[in-house]
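Overview (structure and organization)
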Amino acid sequence: MRELIFGKLTFDALPHEWFTEGGTFFMTLTGLALVIYLTYTKRWKWLWQTWMTSTDPKRVGIMYMVVASAMFFRGALDAAIIWLHQSLSSGSNPGIMNADHFQQIFTAHGDIMVFFVTMGFLFGLLNYIVPLQIGARDLAFPFLNTAGFWLYAAGAMLINLFFVLGGDFAATGWLAQAPLSELQYSPGVGVDYWIWSLQVSGLGTLLGGINFLVTILKMRAPGMTLMRMPMFVWTSLCSMVLVISIFPILTITITLLWLDRYFGMHFFTTGFGGNPMLYTNLIWSWGHPEVYVLVLPAFGIYSEVVATFSQKRLAGYGSLVGGAIGVTAFSVLVWLHHFFTMGANADVNAFFGMMTMIIAIPTGVQVFNWLATMYRGRIRFTTPMKWFLGFVSTFTFGGMAGLLLASPAADFQLHNSLFLVAHFHTMIIGGALFGIFAGITYWFPKVTGIKLNERLGTYAFWCWIVGFFTAFVPLYILGLMGATRRLDHYDTATGWQKLFITSGVGLLIIALGTAIQVIQIVVSIRARNKNRDETGDPWNGRTLEWATSSPPPHYNFAVIPKVEDRDAFWVMKQKGLTKPKRYEDITLPKNTASGIYLSICAFLVGFAFVWHINWLAIAGIIGGIAVVIIRSFDEETEYVIPAAEIKRQEERHAPRT
């Protein structure tokens, strides 16, 4: 009876090691403090009605970024522990943890930073900016949007739940390589937490991809043809095409792995007809395009930043679009370069090596177009522009390393080394994360009505640049010297310790830069009267998001703009067409809690399958289906804002020029 009710869940699952006890204590303390604050300030109703049940994509976008920020500090703590351990764990010194704990932290760091930090920030920016840039009031499917966010949040909770119940996370690397992730070698629940946190959040990502694809294709303002769309919209479109194409592969792959673990099947085992290389092919046919899911929207951010702060039209707009489409197409043809060492024949290795080199061409086209835009422009070296220049230096550096790894012969020696780790971080931090920082700084006045402090932003930028090269150049050198990935201990005779310590110093500099970014936000908000933007257009922008007040109203645009040019708002300003002349009633979606209820059901299904509580899994599935059915029969999903109310709000928030 106990197993029927609780499955494999026993008292042994409670925290029993210092890191699980510490994690549980911190999460409990944080949750308790939040409950006390909301109760003391009587903000529960405000939180529920204004934020948690909101279908406004701007509010959903902010919630994405709040969760992503929390997960960033969680993943950064893992990185600090890894660096500290590797700096100490040499010769007779065992470091600060055992080998198994090191592999768990290594795995958690990668998954959190990719799935819950970078993806969270990018979906946050997409939610806030894409509807504004295409002149839309909302996304095509508001309910799917809020459901996608809450599924992402449920996945973030599930990946951290092992602290409280379980005690161990997956020790398999961030992609849970089979057969190491099979039950024979990973009998605990860590891999199951990995599977279901990714399944739940991945479903939210897929829903978001479908939503943005339909929104961009069907809800653009009159006159905004495909070749008049801002580059951020174009790269977001390409990214969402990839999401829809590859995330079903991830879903199927980890479903097959779960079937192996839950029902004793043998898709990826080393015996009984299983084939571990099938898992490797499937996971990387998702995994490499995922890199471009992250990087492509950042490319669009750089395009917006360069054009605005060079005070010029983007040079080679058509080739930038072609480059984004080229990167999207080639990204699904390069996955095998992640395992040149598998023993494929020369023809296979040569094809994927050439594809890896060819994908550098559309990427390089975009970089040269950005530089051409800057040529003879009236450049303003604001903080967003500095992040772009930091991207150019780091991304070019990492790209050269990527071309080296594109050679099967070189990759055969470097593949399982820290050289590859350094390359990956160069591309994601220099490409995607710097783009996120540029976008947050660039659009912060639009989101809050407050410009960020430029001086502190510059300090943070230089800390990140100096810290980045200090942290990762030693890893390139260590990789060339033979240091492998997932290395938890090494002999003193290797002479590697000084390089690991140097790399750790780089992490400290990056941590200082992160602290300055937090201080920058706090200082800017505290001095909001000095930093306030009352024009709605603090950068003399070129695209439609700057045509609204800062922050924008719930309905985005009182009157949907008519687009006559690629730089739609720039032309509107030149022609004096920025003020609407006539207002009409606006219909918007009502708030709904259905997304929250759906995510709770998904969370319970994931938790139940982790612990083999079959009745709870069945109840969660039935509950999720019931939520969707009930929502589909709800005919009262919209409300109307009268034209008089819109006119009153527009006059109150009219930009002051």
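Preceding this section is the structure that the text describes.
Residues numbered from 1 in each chain as written. Predicted model: local features only at pLDDT ≥ 70, side-chain atom pairs only at ≥ 80, totals over all residues. Heavy atoms only, no water.

A look at the overall build of the chain
- Tallying secondary structure elements over the chain gives 22 helices and two strands in all.
- Dimensions of the chain, computed from the C-alpha atoms along their principal axes, are close to 75 × 65 × 50 Å.
- For the chain, the proportion of its 657 residues judged to be buried stands at 57%.
- Per element, the accessible surface of the chain, about 27400 Å² overall, is 68% carbon and sulfur. (Helix = DSSP H or I, 4+ residues; strand = E, 2+ residues; numbered from the N terminus. Buried < 20%, exposed > 50% of the residue type's maximum accessible area, 1.4 Å probe, protein only. Areas by Shrake-Rupley, 256 points an atom, 1.4 Å probe, with all protein chains shown as cover.)

Details of a nonpolar patch on the surface
- A cluster of nonpolar side chains, namely Met1, Leu4, Ile5, Phe6 and Trp615, defines an oily patch on the protein surface of about 590 Å² accessible area.
- Top contributing element to the nonpolar patch by residue count: helix α1 (residues 2-6), with three residues.
- With respect to the helices and strands, isoleucine 5 occurs in helix α1. (Patch = residues over 30% accessible without salt bridge, like charges linked within 9 Å, V, L, I, M, F, W, Y side chains within 5 Å. Salt bridge = Lys/Arg side-chain N within 4 Å of Asp/Glu carboxyl O.)

Some remarks on the packing of aromatic side chains
- If you walk through the whole model with that rule in mind, you get 59 aromatic pairs.
- An angle of 20° between the planes, with centres 4.1 Å apart, marks the rings of tyrosine 302 and phenylalanine 391 as stacked. Residue tyrosine 302 is found in helix α9 (residues 276-310), and its partner phenylalanine 391 is found in helix α13 (residues 383-405); the two are separated by 89 residues along the sequence.
- Judged by relative accessible area, which is 0%, tyrosine 302 ranks as buried.
- Across the ring face of tryptophan 570, the terminal group of arginine 542 is positioned such that the distance to the ring centre comes to 4.2 Å. (Phe/Tyr/Trp six-rings, centres within 6.5 Å; stacked < 30°, edge-to-face > 60°. Lys NZ or Arg CZ within 6 Å of the ring centre and 35° of its normal.)

Here we look at the side chain of asparagine 556
- Along the chain, asparagine 556 turns up in the loop between α18 (528-531) and α19 (568-575).
- In this structure asparagine 556 comes out as buried when scored by relative accessible area, which is 2%.
- Engagement of the side chain of asparagine 556 in a polar contact is seen with the backbone oxygen of alanine 136, the distance being 2.9 Å.
- Ignoring anything within four residues of it in the chain, the contact list for asparagine 556 reads Lys58, Pro131, Leu132, Ala136, Arg137, Asp138 and Thr548. (Polar contact = N/O pair within 3.5 Å; in protein donor to acceptor, adjacent residues only side chain to side chain. Contact = heavy atoms within 4.5 Å.)

Re the pattern of salt bridges
- Using the criterion set out here, one finds nine salt bridges in the structure.
- A salt bridge links arginine 261 to aspartate 192, with the shortest nitrogen-to-oxygen separation between them at 3.1 Å. Of the two residues, arginine 261 sits in helix α8 (residues 231-263) while aspartate 192 sits in helix α7 (residues 190-218), which places them 69 residues apart along the sequence.
- For arginine 261, a relative accessible area of 3% gives the class buried.
- Among the ionic pairs, arginine 313 bridges to aspartate 565, the shortest N-O distance being 2.8 Å. Of this pair, arginine 313 sits in the loop between α9 and α10 (317-330) while aspartate 565 sits in the loop between α18 and α19, and the two are 252 residues apart along the sequence.
- Connected through shared salt-bridge partners, Arg313, Arg542, Asp565 and Asp567 make up one network.

Considering the environment of methionine 400
- Within the secondary structure, methionine 400 is located in helix α13.
- Spatially, the C-alpha atoms of methionine 400 and serine 197 are 34 Å apart, while their sequence positions differ by 203 residues.

Remarks on the packing of helix α16 (residues 454-481) against helix α17 (residues 497-526)
- Running from amino to carboxyl end, α16 crosses α17 at an angle of 160°, the nearest separation of the two axes being 7 Å. With respect to each other, α16 and α17 are oriented roughly antiparallel. Note on packing geometry: the crossing formed by α16 with α17 is left-handed.
- Here the contact of α16 with α17 is built from residues that sort into 22 nonpolar, ten polar and no charged. (Axes fitted to C-alpha atoms, helices over the stretch in contact; angles between N-to-C directions. Parallel < 35°, antiparallel > 145°, perpendicular 65-115°, else oblique. Left-handed = near helix turned anticlockwise from the far one by under 90°. Nonpolar A, V, L, I, M, F, W, Y, C, P; charged D, E, K, R; others polar.)

Examining the packing of α13 against helix α15 (residues 418-448)
- Where α13 meets α15, the closest approach of the two axes is 8 Å, and the angle between their N-to-C directions is 160°. Regarding the angle of α13 to α15, the classification is roughly antiparallel. In this structure, α13 meets α15 at a crossing whose hand is left-handed.
- Here the residues of the contact of α13 with α15 sort into 15 nonpolar, eleven polar and no charged.

Concerning the side chain of glutamine 86
- Along the chain, glutamine 86 falls in helix α4 (residues 57-88).
- Glutamine 86 gets classed as buried once you look at its relative accessible area, which sits at 8%.
- Setting aside anything within four residues of it in sequence, one finds glutamine 86 in contact with Phe102, Leu487, Tyr490 and Phe500.

Side note on the environment of glutamate 534
- Locating glutamate 534 in the fold gives a position in the loop between α18 and α19.
- Measuring from C-alpha to C-alpha, the distance between glutamate 534 and glycine 449 comes to 7.1 Å, with 85 residues separating the pair along the chain.

A short note on helix α22 (residues 643-652)
- Within α22, burial applies to Ala643, Ile646 and Gln649. Buried residues in α22, looked at end-on, bunch into an arc of 125°, giving them a common side. Among the exposed residues of α22, those pointing more than 90 degrees away from its buried face are Ala644, Glu651 and Arg652.
- Among the structural elements, β1 (586-589) and β2 (638-641) are those in contact with the buried residues of α22. (Arc of directions from axis to C-beta.)

Points about unusual backbone geometry
- Residues alanine 178 and proline 179 are joined by a peptide bond in cis, for which omega reads 5°.
- The topology assignment puts proline 179 in the loop between α6 (142-160) and α7.
- Going from serine 550 to proline 551, the amide bond is cis rather than trans, its omega being -5°.
- If you trace the backbone, proline 551 turns up in the loop between α18 and α19.
- Positive phi values are uncommon outside glycine, yet alanine 176 reaches one of about 50°.
- Within the secondary structure layout, alanine 176 lies in the loop between α6 and α7.
- Taking relative accessible area as the criterion, alanine 176 reaches 0% and is therefore assigned buried.
- Unlike most non-glycine residues, arginine 486 shows phi in positive territory, near 55°.
- Position of arginine 486 relative to the elements: it lies in the loop between α16 and α17.
- The exposure class of arginine 486 is partly exposed, given its relative accessible area of 30%.

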